[in-house]
Amino acid sequence: MKVTIESYVQIIIIAFMVMLSTCYICTSLNTQYAHEYHARIVSDIEASDFSQEVIDEWVAKAQEDGFQLEVENRTENKKVRKVRLVYHYSIPLVSSLAGEREIVGVAR
């Protein structure tokens, strides 16, 4: 009887660890997607020679995709822009780690 109870406890612990690991992997993938999204934005802004139309399109698209995007001038020559992307970060089983994270980069 003792072995049966220990086996059930072990199965419950393993199931919890699998669920927690899955949540962590999903959160890591979402964070990776946000970093790739930010890199794409910076690349497009640089390739467009800092066109305001492209910047406005990315701001609108980021809003649709659930991100907040801010692009601001860093210098007077308007060839250096600060690109700030805010995304939601959460691990479903650990609610204390939920919040907003940001990625900040410079387009030159």
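Quick caveat: nothing in here was measured; it's all calculated off a predicted structure. (Residues numbered from 1 in each chain as written. Predicted model: local features only at pLDDT ≥ 70, side-chain atom pairs only at ≥ 80, totals over all residues. Heavy atoms only, no water.)

## Some thoughts on the overall build of the protein chain
Now for step 1: Along the protein chain, the regular secondary structure elements total 2 helices and 3 strands.
Now for step 2: Listed by position from the N terminus, the elements making up the protein chain come as α-α-β-β-β.
Now for step 3: A globule of 108 residues ought to have a C-alpha radius of gyration of about 13 Å, yet the protein chain, at 21 Å, is considerably larger.
Now for step 4: Buried residues in the protein chain amount to 26% of all 108 residues.
Now for step 5: Within the protein chain, contacts between residues separated by at least 24 positions form 50% of all contacts whose residues are at least 6 apart in sequence.
Now for step 6: By element, 57% of the accessible surface of the protein chain is carried by carbon and sulfur atoms, the whole surface being about 7600 Å².
Now for step 7: A distance of 6 Å separates the average location of the 11 positive side-chain charges in the protein chain from that of its 15 negative side-chain charges. (Helix = DSSP H or I, 4+ residues; strand = E, 2+ residues; numbered from the N terminus. Rg over C-alpha atoms; globule rule 2.2 N^0.38 Å. Buried < 20%, exposed > 50% of the residue type's maximum accessible area, 1.4 Å probe, protein only. Contact = heavy atoms within 4.5 Å. Areas by Shrake-Rupley, 256 points an atom, 1.4 Å probe, with all protein chains shown as cover. Lys, Arg positive; Asp, Glu negative; His and termini not counted. Charge placed at Lys NZ, Arg CZ, Asp CG, Glu CD.)

## Brief notes about helix H1 (residues 2-47)
Now for step 1: A rise of 1.5 Å per residue sets the reference length of H1, with its 46 residues, at 68 Å; its end C-alpha atoms lie 67 Å apart and thus fit the reference within 8%.
Now for step 2: Among the residues making up H1, those that are buried are Cys23, Thr27, Thr31, Ala34, Tyr37, His38, Ile41, Val42 and Ile45.
Now for step 3: Contact partners of the buried residues in H1: helix H2 (52-64), strand S1 (68-73), strand S2 (81-91) and strand S3 (94-107). (Expected span 1.5 Å × (residues − 1).)

## What to know about the nonpolar core
Now for step 1: Within the largest apolar cluster, 20 residues are counted, with the highest numbers of intra-cluster contacts made by Tyr37, Ile41, Ile45, Phe67, Leu69 and Val83.
Now for step 2: Sorting the residues of this core by element identifies H1, H2, S2 and S3 as the ones contributing at least two each.
Now for step 3: Residue contributions to this core peak at 6 residues, all from H1.
Now for step 4: Each residue touching valine 83, except ones within four places of it in the same chain, is listed here: His38, Ile41, Val42, Ile45, Leu69, Glu70, Ile103, Val104, Gly105 and Ala107. (Core = buried A, V, L, I, M, F, W, Y, C linked by side-chain atoms within 4.5 Å.)

## Description of the confidence of the model for the protein chain
Now for step 1: For the protein chain, mean pLDDT is 91; residues scoring 70 or higher make up 100% of the total.
Now for step 2: Confidence scores differ between elements of the protein chain, with S3 showing the lowest mean pLDDT of 87 and H2 the highest of 95. (pLDDT = per-residue confidence, 0-100.)

## Looking at the sheet that holds S2
Now for step 1: Strand order across the open sheet formed by 3 strands is S1-S2-S3, with antiparallel pairing between neighbours. At either margin of the open sheet sits one strand with a lone partner, and together these are S1 and S3. Taking each pair of neighbouring strands and ignoring which way they run, the sheet shows an average axis angle of 20°.
Now for step 2: By the bridge criterion, 6 bridges tie S1 to S2 in an arrangement that is antiparallel. In the sheet register, glutamate 70 faces S2, and the bridge partner there is arginine 84.
Now for step 3: With respect to the sheet, H1 is in contact with S1, S2 and S3, its orientation differing from that of S2 by roughly 165°.
Now for step 4: The sheet strands contacting H2 are S1 and S2, and the helix crosses S1 at an angle near 155°. (Pairing = 2+ DSSP bridges. Axes fitted to C-alpha atoms, helices over the stretch in contact; angles between N-to-C directions.)

## Details of the packing of H1 against H2
Now for step 1: The N-to-C vectors of H1 and H2 enclose an angle of 165°; their axes lie 10 Å apart at closest approach. On the basis of the axis angle, H1 is roughly antiparallel to H2. Both H1 and H2 take part in a crossing whose hand is right-handed. Two secondary-structure elements touch here, H1 through Tyr37, Arg40, Ile41, Asp44 and Ile45 and H2 through Val54, Ile55, Trp58, Lys61 and Ala62.
Now for step 2: In terms of residue class, the contact of H1 with H2 is made up of 7 nonpolar, no polar and 3 charged. (Parallel < 35°, antiparallel > 145°, perpendicular 65-115°, else oblique. Left-handed = near helix turned anticlockwise from the far one by under 90°. Nonpolar A, V, L, I, M, F, W, Y, C, P; charged D, E, K, R; others polar.)

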